Protein chains: 2
Amino acid sequence: MRARDLAEDYPLVQLTDDAFTAAELMAKFRRPGVVVVDADNRPVTVLPGSQVLRFVIPRYVQADPALSRVYDERGADACVTRLRGRTVNELLSAKDKRCELAEVSGTATVIECAAVMARLHSPLVVVRDGDRVLGVVTASHLLELLLS
Amino acid sequence: MRARDLAEDYPLVQLTDDAFTAAELMAKFRRPGVVVVDADNRPVTVLPGSQVLRFVIPRYVQADPALSRVYDERGADACVTRLRGRTVNELLSAKDKRCELAEVSGTATVIECAAVMARLHSPLVVVRDGDRVLGVVTASHLLELLLS
């Protein structure tokens, strides 16, 4: 069993794509993030949903639970408009850009995938063959294989 | 719309539960982690799948991709037996125990949930009413609500 056989589809965006579209993909596929690739289709990082929320929820609301409680639906609408006209690249934190991406080739074994995730504390590993992203393998999928 | 209406079922274990069972729950429900509660049912942390992998994959294999490549299926079986006879508490890293848990009450609004996740960089928030855990709300679910 190799990584290419285990890879699941995962939403994928380019650095220059619209930030709103990236958020829509996470919402539509109910995934905790999207894989971000550069202009040559090389995976750069995973943009997590929490980072999108950090961008849309004003900093003073994040810091004050009492304030977030009184925010109404119009406030929520205003939050989301902060994504308009922004790129995925603008959403990424310095840490997202700096961190080593958990990634393996399509021929990687189950243990190789598990070792990379373990070392990088990552909930998933991106599988790619050359300049093509095949999908991701999740920690829960690997555990299913290891325990069976 | 309140957190209690949005809460999804999520696997839940006690600190003293068997580590193997916790791993099985993640695998069975294909969730990236399990919520860990103490003897009084108070949520303590979320045990991520990657932390289980850190525990089962020997450190020298994590550090050496060439070594992980030659690990065969018997090696994988030996890895998994490391979970036997261990508790969830033994699996948790110092960081898992130290980190503030993303948690809200059942009456929290969408923006409150989003603010907590954003502040703590968390992919989910645990919802509880008193000493009862109602489930979790994920970042992708919140984005779905905020964008619609």
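Residues numbered from 1 in each chain as written. Chains lettered and ligands numbered in written order. Predicted model: local features only at pLDDT ≥ 70, side-chain atom pairs only at ≥ 80, totals over all residues. Heavy atoms only, no water.

(A) Up close: the pairing of strand 3 (residues 43–48) of chain A. Residue and element names in this part refer to chain A. One ladder, built from five bridges, connects strand 2 (residues 33–37) with strand 3; its direction is antiparallel. When the sheet's bridge partners are listed, G33 is paired in strand 3 with P48. Between strand 2 and strand 3, which pair antiparallel and follow one another directly, the connecting turn spans five residues, one of which, N41, has a positive phi of 70°. (Pairing = 2+ DSSP bridges. Helix = DSSP H or I, 4+ residues; strand = E, 2+ residues; numbered from the N terminus.)

(B) Summary view of the interface of chain A and chain B. Chain A puts 44 residues into the contact, and the matching count from chain B is 44 residues. Along the contact surface separating chain A from chain B lie six salt bridges. Run the count over chain A and chain B and you get 11 residue pairs in polar contact (both at pLDDT 80 or more). Those elements that provide at least two residues to the side of chain A that touches chain B are helix 2 (19–29), helix 3 (49–56), helix 4 (59–63), helix 5 (65–70), helix 6 (73–80), helix 9 (110–120) and helix 10 (139–147) of chain A. (Contact = heavy atoms within 4.5 Å. Salt bridge = Lys/Arg side-chain N within 4 Å of Asp/Glu carboxyl O. Polar contact = N/O pair within 3.5 Å; in protein donor to acceptor, adjacent residues only side chain to side chain.)

(C) Geometry of the sheet that holds strand 4 (residues 103–105) of chain B. All names here are of chain B. The three strands are arranged 4-5-6 in an open sheet whose pairing can be described as mixed. Pairing within the sheet leaves two strands with one partner each, and these edge strands are strand 4 and strand 6 (132–138). For this sheet, the mean inter-axis angle between neighbouring strands, taken without regard to orientation, is 30°. For strand 4 and strand 5 (residues 124–129), the ladder comprises three bridges, and the chain directions are parallel. Considered in strand 5, the bridge of S105 is made with R128. Its contacts with the sheet put helix 9 (residues 110–120) on strand 4, strand 5 and strand 6, and the angle it makes with strand 5 is roughly 130°. (Axes fitted to C-alpha atoms, helices over the stretch in contact; angles between N-to-C directions.)

(D) Inspection of the sheet that holds strand 5 (residues 124–129) of chain A at higher detail. Residue and element names in this part refer to chain A. Taken in spatial order, the three strands of this open sheet run 4-5-6, and their pairing is mixed. In this open sheet, the two strands that pair with only one neighbour each are strand 4 (103–105) and strand 6 (132–138). Each strand of the sheet is rotated relative to its neighbour by a mean of 30°, with strand direction disregarded. Of the strands in this sheet, strand 4, strand 5 and strand 6 touch helix 9, which is tilted by about 130° from strand 5.

(E) Up close: the pattern of salt bridges. Tallying each qualifying case throughout the model produces 18 salt bridges over all chains. The residue R69 of chain B makes a salt bridge to E112 of chain A at a minimum N-O spacing of 2.9 Å. One end of the pair, R69 of chain B, is in helix 5 (residues 65–70); the other, E112 of chain A, is in helix 9, on a second chain. Of the residues examined, E112 of chain A reaches a relative accessible area of 7% and is grouped as buried. Salt-bridge contacts for R30 of chain B lead to E144 of chain A; the nearest nitrogen and oxygen are separated by 2.7 Å. With one member in each of two chains, R30 of chain B in the loop between helix 2 (19–29) and strand 2 (33–37) and E144 of chain A in helix 10 form a pair that bridges those chains. (Buried < 20%, exposed > 50% of the residue type's maximum accessible area, 1.4 Å probe, protein only.)

(F) The arrangement of the relation of the copies chain A and chain B in detail. Overlay of chain A on chain B (RMSD 0.0 Å): rotation 180°, translation along the axis 0.0 Å. Taken together, these values place the two copies in the relation of a two-fold axis. Residues of chain A ranked by C-alpha distance from the rotation axis are headed by P32 of chain A, positioned 4.8 Å from it. Take the interface residues of chain A: 100% of them recur as interface residues in chain B, which is what a same-surface contact looks like. (Least-squares fit on C-alpha atoms with pLDDT ≥ 70 in both.)

(G) Representation of helix 2 of chain B within the structure. Residue and element names in this part refer to chain B. Among the residues making up helix 2, those that are buried are A19, F20, A22, A23, M26 and A27. Viewed end-on, helix 2 has its buried residues packed into an arc of 160°, placing them on one side of the element. Note on helix 2: the residue one or two positions beyond its end, R30, has a positive phi of about 50°. (Arc of directions from axis to C-beta.)

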